[in-house]
Amino acid sequence: MSFAAAPRRPSGGAPRARRRSPLGVAIVAVAIVIAALLLLAQFWTEVMWFGQAGFSRVIWTEWGMRAALFAVGFVVMAGAVFWSFTAAYRARPIYAPSTPEQATLDQYREAVEPLRRVVMIAAPVLVGFFAGVAASAQWRTVLLAFNSEPFGETDPQFGMDLGFFVFLLPALRFSVGFLISVVVIAGIAGLITHYLYGGLRVGPAAAGGPRTTPAARIHLAIVGAVLLLLIAANYWLDRYSILTNAGDRFDGASYSDVHAVIPAKGILTVVAIFVAALFIVTAFRGDWRLPAIGVGLMVVSAIAIGGIYPAVVQRFQVNPNAQELEAEYIQRNIDATLSAFDIDDVEKEQYDATTQAEEGALRSDADTAASIRLLDPQVVSPSFRQLQQNKQYYNFDDSLSVDKYEIDGESRDTVIAVRELNLDGLGQDQRNWVNDHTVYTHGYGVVAAYGNQPGPDGRPAFFEGGIPSQGAITDEEGGYEPRIYFSPKTETYSVVGAPEGTKAWELDYQADQADDGGQVNTTFTGDAGPSVGSFGSKLLFALKFGEEQLLFSDRVTSESQILYDRDPQQRVHKVAPWLTLDNRVYPAVVDGRVKWIIDAYTTTDEFPYSSSTPLDEAVADTLTTQTGAPVELPEEVNYIRNSVKATVDAYDGSVDLYAWDAEDPILKAWTNVFPTSVKPMEEISGDLMSHLRYPEDLFKVQRTLLSQYHVTNSAEFFSGQDFWNNPTDPTSESTTAPLQPPYYLTLQMPGQEEPSFSLTSTFIPGGNTDREVLTGFLAVDADAGNEAGVKAEDYGKLRLLELPRDTTVPGPGQVQNNFDSNPTISEQLNILQIGASTVRRGNQLTLPVGGGLLYVQPVYIQSTGGTQFPLLRKVLVAFGDDIGFADTLDEALDQVFGGDSGAQAGDAGTAEDEAPTAPPTAEPGAEPTEEPTTEPTEEPTEAPTGEPSTELEAALREAADAMEDANAAQREGDWAAYGEAQDRLQQALEDAIAAEEAQNSAP
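Quick caveat, the model's predicted, so the values are computed rather than measured.

Analysis parameters
Residues numbered from 1 in each chain as written. Predicted model: local features only at pLDDT ≥ 70, side-chain atom pairs only at ≥ 80, totals over all residues. Heavy atoms only, no water. Helix = DSSP H or I, 4+ residues; strand = E, 2+ residues; numbered from the N terminus. Contact = heavy atoms within 4.5 Å. Areas by Shrake-Rupley, 256 points an atom, 1.4 Å probe, with all protein chains shown as cover. Patch = residues over 30% accessible without salt bridge, like charges linked within 9 Å, V, L, I, M, F, W, Y side chains within 5 Å. Salt bridge = Lys/Arg side-chain N within 4 Å of Asp/Glu carboxyl O. Lys, Arg positive; Asp, Glu negative; His and termini not counted. Charge placed at Lys NZ, Arg CZ, Asp CG, Glu CD. Pairing = 2+ DSSP bridges. Axes fitted to C-alpha atoms, helices over the stretch in contact; angles between N-to-C directions. Polar contact = N/O pair within 3.5 Å; in protein donor to acceptor, adjacent residues only side chain to side chain. Parallel < 35°, antiparallel > 145°, perpendicular 65-115°, else oblique. Left-handed = near helix turned anticlockwise from the far one by under 90°. Nonpolar A, V, L, I, M, F, W, Y, C, P; charged D, E, K, R; others polar. Buried < 20%, exposed > 50% of the residue type's maximum accessible area, 1.4 Å probe, protein only. Expected span 1.5 Å × (residues − 1). Arc of directions from axis to C-beta. Core = buried A, V, L, I, M, F, W, Y, C linked by side-chain atoms within 4.5 Å. Phe/Tyr/Trp six-rings, centres within 6.5 Å; stacked < 30°, edge-to-face > 60°. pLDDT = per-residue confidence, 0-100.

Draft legend 1. Region of the structure containing the overall build of the protein. The secondary structure content of the protein amounts to 29 helices and 33 strands. Of the contacts made within the protein by residues no fewer than 6 positions apart, 70% connect residues no fewer than 24 positions apart. For the protein, the exposed area adds up to about 44500 Å²; of that, 53% sits on carbon and sulfur atoms.

Shown next, in the form of structure tokens:
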């Protein structure tokens, strides 16, 4: 018989205390102070940021809940593990039987004993820390559970309010899962301790002798019973979670789930409770056979009842009769999906689209034809840079925004951009701390162009621009604050503000008439960032950004503020971390200020029976590929609402959140958590309301789901023969083309009384086929109206045109192929590419007009070297198999519709009379013009006669004239004239090639 090891006492008396080194104490103290300052630099600066932004409650609520959950998780895990260690150690036997197993364990005990106290404290603390971190990450789940709101609808299986599944069930699942982890880890700790100190034996035991001591038996039996009860609770909650399961054909509980899996989970719950009772019995009777038999029974039940039985039902009962047996549950999935994604009220219409273009067909769609957008916001950004950037330290985003403005009493589709700060445009000799953070602090003004008409020489027709800003928007607003301190591309911090009377040093722009050395400077006067006026705040921000200049610069004054986190999406995400943000942020001039507008969503993946959708895949298209995804998206959602509209002031960075869907239960729950964060919709001004629009990401998700869920009959849905796809972008040059993005257009859908600003997309057949005909056209009314605090009645109305199955209407891919393979178009585009130029095809727009589907695509020409920016030169139009190709949309429409389309496009007459364009950059102090000038800023100079360049231009003009004559002759059926024109075209091409060769060989 051996003795369980007991603590050893040190021999030789108490050791003499060491004398601490003053240097060591000083080093430790300094290290503690530095660490505290570094932590404070991250912690307190955030408190200052949220306080200045007016959202202090958000940070304190989040941190408070995180801290509380961390403390609970830490205490529960660490306490349980420490108790299990301690209880097992205190219950160790005084005498352990002498066996080879115990002899080996004696050696381990002697090795462990000196570290026992450390291990019994350090191990619980370590696992408690990780448990606390895991628990704190669930702060959103717990807050929603405590502030849940009813949906007012019940699930079709259990008849429980949907709020239980969305709010309470995730918190219950987390709690039970966390407690199971606690019990398992605590049980392992007790098991190891009992074994190490002789309370549990694994090796051979004396005949009839117990393998555990009574204390160890009670301890382990109680732990086992608690674990089984938690497993029973987990089985019971599984019954509800099945309603959000992802299935092969549809999501939610299927026939076999309802008739086999859910009953099996109930049976397994009872079995687990029964086995838990056997563990309690064992704690008092000392026989481990009963719980061992119970655990075996539970394992067999889990395999047979929980696995084999549902598989048998599925294979032999459901699969042979799937369409009939699954019909009820498919219908549940259809109904839940339509409701969860707000597509249950789509206005569907059978659209018998014609493919025959007839003269005057667009007469009833004249307003739509006049509004067709020719300016592609993804193409013309270089043109904005070349013509309106003005200074190298300003820049425009690669992807511009589409909006609408009222010009002369008429709503006009607009392409708009903000002149953002661009420090990379400065030369290296200009880059230093003073310039980067105190001089170049902001961008300046907006630039806007008409969407439906080009300016001189194919340039954008600007109606707002210049520095200082001038044009129609300035006139309409009576002037606006042009300085842009907050924008998506502004990544660095700036120190702004100065005492009154101090000479301004923040650069607006350079101007010859300026008094201060050719510069117009300003001083920020708003309230946009934390103060850095005191030494303490300077020190904290110097540590935060690693910039000692903040401590020593004379430009960091008592009135200074530091601006950082200047991306509008980043600011909204910080003050409302419970929202999912749209990938697009767009600017608007609202009430005399430039505002960034961001759509925000409340989402969940816990809506019963709704189809789960990968959000990042659903929103991916050409635009996200080009711009990148600036925000993080949830992996899966099965419920989404555009519940909040957010704005960020470009001057002072102030964030406003407006409740857009006040009836959304998830928004109500978060409003209970943060009652002052979200303003009511009634506070939205009429000017702001006129620029709010239906969000792109929501529309992309809805169009993805409608590719299947336009089928609302369970039998037809099961067969899947009428499923659709969204087409890939026919203009993409990528090897694997992304999806075609939706487009904002002003159009009048069939059945609408008047045109409205809409977001549109198309559908093609689904399945494994490369046949790309049009099967559907989807549009949503994106205009929120212009009445303060009142949403337009038709805003968000989805209209789906379903094309007949027996009609072949070309889809986007087919139309693009027709454009590219047309010999006349190919010849003309080849001519346009002669010399140092290249062709860029703009977005391909689809419009349901003239009784069919009209396709419009602008064609841009841009230089291949030197200064490169695209100019609109041609417009492609298709209706059925008829194609038009001309200098203007108006001419191309007439070509397609028998010489007279019956409507005038927005660029009608611009081939002869130049379209309006923005005024040239104004000099400081100049008054804005009442109307944008119609003259180009520079007249092109002609090359000397006889030069190769002159001969090339003459040959190209002759070729263009010959092509126009050939097209006219072809339409009139005059084949003799057509042949003559083709001969002239061939000769002109030969002359152009010869002139180009001569030009290239000239010295």
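The rest of the description comes next.
Draft legend 2. Region of interest: a negative patch on the surface. On the surface, a cluster of negative charge is made up of Asp 367, Glu 406, Asp 408, Glu 410, Asp 475, Glu 476, Glu 753, Glu 754, Glu 793 and Asp 794. Relative to the assigned elements, Asp 408 resides in the loop between strand E5 (401–407) and strand E6 (410–418).

Draft legend 3. Main features of the sheet that holds strand E21 (residues 639–649). Sheet architecture is open: 5 strands sit in the order E17-E18-E21-E22-E23, paired in mixed fashion. Taken across any chain shown, the strands that pair with only one partner, and hence form the sheet edges, are strand E17 (580–590) and strand E23 (678–679). For strand E22 (residues 655–659) and E23, the ladder comprises 2 bridges, and the chain directions are parallel. The partner of Tyr 658 across the bridge, within E23, is Lys 679.

Draft legend 4. Molecular detail of the sheet that holds strand E9 (residues 446–454). Here 5 strands make up an open sheet; going across it, the order is E5-E6-E9-E10-E11 and the pairing antiparallel. Strand pairing shows two members of the sheet lacking a second neighbour, E5 and strand E11 (470–471), which therefore form its edges. Pairing analysis gives 7 bridges linking E5 to E6, with the strands arranged antiparallel. The residue of E6 that forms the bridge with Lys 404 is Asp 413. In this fold helix H13 (residues 381–388) packs onto E6, E9 and strand E10 (460–465), with an angle of close to 55° to the strand it touches most, E10.

Draft legend 5. A look at the environment of Tyr 609. Looking at where Tyr 609 falls in the secondary structure, it is placed in the loop between strand E18 (593–604) and strand E19 (613–614). Sequence spacing of Tyr 609 and Thr 337 is 272 residues, and the spatial spacing of their C-alpha atoms is 7.2 Å. For Tyr 609, the contacting residues outside a window of four places in its chain are Pro 156, Gln 157, Leu 243, Asp 251, Gly 252, Ala 253, Val 258, Tyr 329, Arg 332, Asn 333, Ala 336 and Thr 337. Of note is the side chain of Tyr 609, whose polar atom sits 2.7 Å from the side chain of Arg 332.

Draft legend 6. Spatial organisation of the packing of helix H5 (residues 139–146) against helix H6 (residues 162–196). Viewed as axis vectors pointing N to C, H5 and H6 meet at an angle of 125°, and their least axial separation amounts to 8 Å. Judged on the interaxial angle alone, H6 and H5 are oblique. Of the two possible hands of crossing, H5 and H6 adopt the one that is left-handed. Packed against H5, whose contacting residues are Thr 141, Leu 144 and Ala 145, the element H6 presents Phe 167, Leu 168, Pro 170 and Ala 171 at the interface. Residue composition of the contact of H5 with H6, grouped by class: 6 nonpolar, 1 polar and no charged.

Draft legend 7. Structural view of the pattern of salt bridges. On inspection of all chains with the given rule, the structure shows 33 salt bridges. The closest approach of N and O atoms between Asp 398 and Arg 385, which form a salt bridge, is 2.3 Å. Remark: Arg 385 occurs in helix H13 and Asp 398 occurs in the loop between strand E4 (394–395) and E5; sequence separation between them is 13 residues. By relative accessible area, Asp 398 is classed as partly exposed at 42%. Among the salt bridges present, the one from Arg 593 reaches Asp 649, with a minimum N-O distance of 3.4 Å. Pair noted here: Arg 593 is in strand E18 and Asp 649 is in strand E21, with a separation of 56 residues, a long-range link. Residue Asp 649 is classed as buried on the basis of its relative accessible area, which comes to 2%.

Draft legend 8. Helix H4 (residues 116–136), seen in detail. Helix length check: H4 (21 residues) gives 30 Å between terminal C-alpha atoms against 30 Å at 1.5 Å per residue, within 8%. Within H4, the full set of buried residues consists of Arg 116, Met 120, Pro 124, Gly 128, Ala 131, Gly 132, Ala 135 and Ser 136. The arc that holds the buried residues of H4, viewed along the axis, is 145°, so those residues lie on one side. What points out from H4, more than 90 degrees from its buried face, is the exposed set Val 118, Leu 126 and Phe 130.

Draft legend 9. The arrangement of the nonpolar core in detail. Leu 550, Leu 657 and Trp 670 are the most contacted members of the largest nonpolar core, which totals 141 residues. The leading source of residues in this core is H6, at 9 residues. Leu 745, Ala 779, Leu 847 and Val 849 belong to the second-largest nonpolar core, a separate cluster that totals 57 residues.

Draft legend 10. Expanded view of the packing of aromatic side chains. In the structure shown here, the tally under the stated rule is 43 aromatic pairs. Between the aromatic rings of Phe 43 and Trp 60, the centroid separation amounts to 6.2 Å while the plane-to-plane angle is 70°, which identifies the pairing as edge-to-face. Separated by 17 residues along the polypeptide, Phe 43 in helix H1 (residues 22–53) and Trp 60 in helix H2 (residues 56–90) bring together distant segments of the chain. Among the residues examined, Trp 60 registers a relative accessible area of 43% and is labelled partly exposed. Consider the rings of Phe 541 and Phe 545, whose centres lie 6.4 Å apart with planes at 15°: the pair is stacked. In this pair, Phe 541 and Phe 545 are both assigned in helix H16 (residues 535–545), 4 residues apart and thus about one turn of the helix distant.

Draft legend 11. Just the pairing of strand E33 (residues 882–886), in detail. As paired elements, strand E32 (residues 871–879) and E33 share 5 bridges and run antiparallel to each other. Note that in E33 the partner of Leu 876 across the bridge is Phe 885. Between E32 and E33, which pair antiparallel and follow one another directly, the connecting turn spans 2 residues, one of which, Gly 880, has a positive phi of 65°.

Draft legend 12. Structural context of the packing of H2 against H6. Where H2 meets H6, the axes come as close as 8 Å, and the angle between the chain directions of the two elements is 25°. Overall, the two elements H2 and H6 adopt an arrangement that is roughly parallel. Seen along the crossing, H2 lies across H6 with a hand that is right-handed. Between H2 and H6, the residues in contact are Gly 73, Val 76, Met 77, Ala 80, Val 81, Ser 84, Phe 85, Ala 88 and Tyr 89 and Phe 178, Leu 179, Ser 181, Val 182, Ile 185, Ala 186, Gly 187, Ala 189, Gly 190, Thr 193 and His 194, respectively. In terms of residue class, the contact of H2 with H6 is made up of 13 nonpolar, 7 polar and no charged.

Draft legend 13. The arrangement of helix H11 (residues 327–340) in detail. With 14 residues, H11 extends 20 Å between its outermost C-alpha atoms, agreeing within 8% with the 20 Å of an ideal straight helix rising 1.5 Å per residue. Of all 14 residues making up H11, 10 are buried, and the element is well covered by its neighbours. Along H11, the residues that are buried comprise Tyr 329, Ile 330, Arg 332, Asn 333, Ile 334, Ala 336, Thr 337, Leu 338, Ser 339 and Ala 340. Packing partners of the buried residues in H11 comprise helix H8 (255–285), helix H10 (322–325), E21, helix H23 (696–709) and helix H24 (714–719).

Draft legend 14. Geometry of the side chain of Lys 874. Structurally, the position occupied by Lys 874 is in strand E32. At a separation of 2.5 Å, a polar atom in the side chain of Lys 874 contacts the side chain of Asp 887. With sequence-adjacent residues up to four places away left out, Lys 874 is seen in contact with Gln 828, Leu 832, Gln 857, Pro 858, Val 859, Phe 885, Ala 886 and Asp 887.

Draft legend 15. Broad picture of unusual backbone geometry. With an omega of -5°, the peptide bond between Ile 467 and Pro 468 qualifies as cis. Tracing the backbone shows Pro 468 in the loop between E10 and E11. Although it is not a glycine, Asp 342 sits at a positive phi angle of roughly 55°. Within the secondary structure layout, Asp 342 lies in the loop between H11 and strand E3 (347–350).

Draft legend 16. A look at the confidence of the model for the protein. This prediction gives the protein a mean pLDDT of 86; 87% of its residues lie at or above 70. Below pLDDT 50 for its whole length, residues 5–9 participates in 9 contacts with residues either more than four positions away or in separate chains. Low pLDDT, under 50, characterises residues 912–946; the predicted model gives this stretch 65 contacts beyond four residues in sequence or across chains.

Draft legend 17. Quick look at a nonpolar patch on the surface. Taken together, the side chains of Val 295, Val 299, Ile 303, Ile 308, Val 312 and Phe 316 define a hydrophobic patch exposed on the protein surface, amounting to about 540 Å² of accessible area. As for its placement among the helices and strands, Ile 308 is situated in helix H9 (residues 289–318).

Draft legend 18. Geometry of the environment of Asp 527. Here Asp 527 shows up in the loop between strand E15 (519–522) and H16. When sequence neighbours within four positions are dropped, the list of residues in contact with Asp 527 reads Gln 52, Gln 561 and Asp 652.

Draft legend 19. View of the side chain of Ser 254. Locating Ser 254 in the fold gives a position in the loop between helix H7 (214–241) and H8. If near-sequence neighbours (up to four positions away) are discounted, Ser 254 is found in contact with Glu 326 and Tyr 329.

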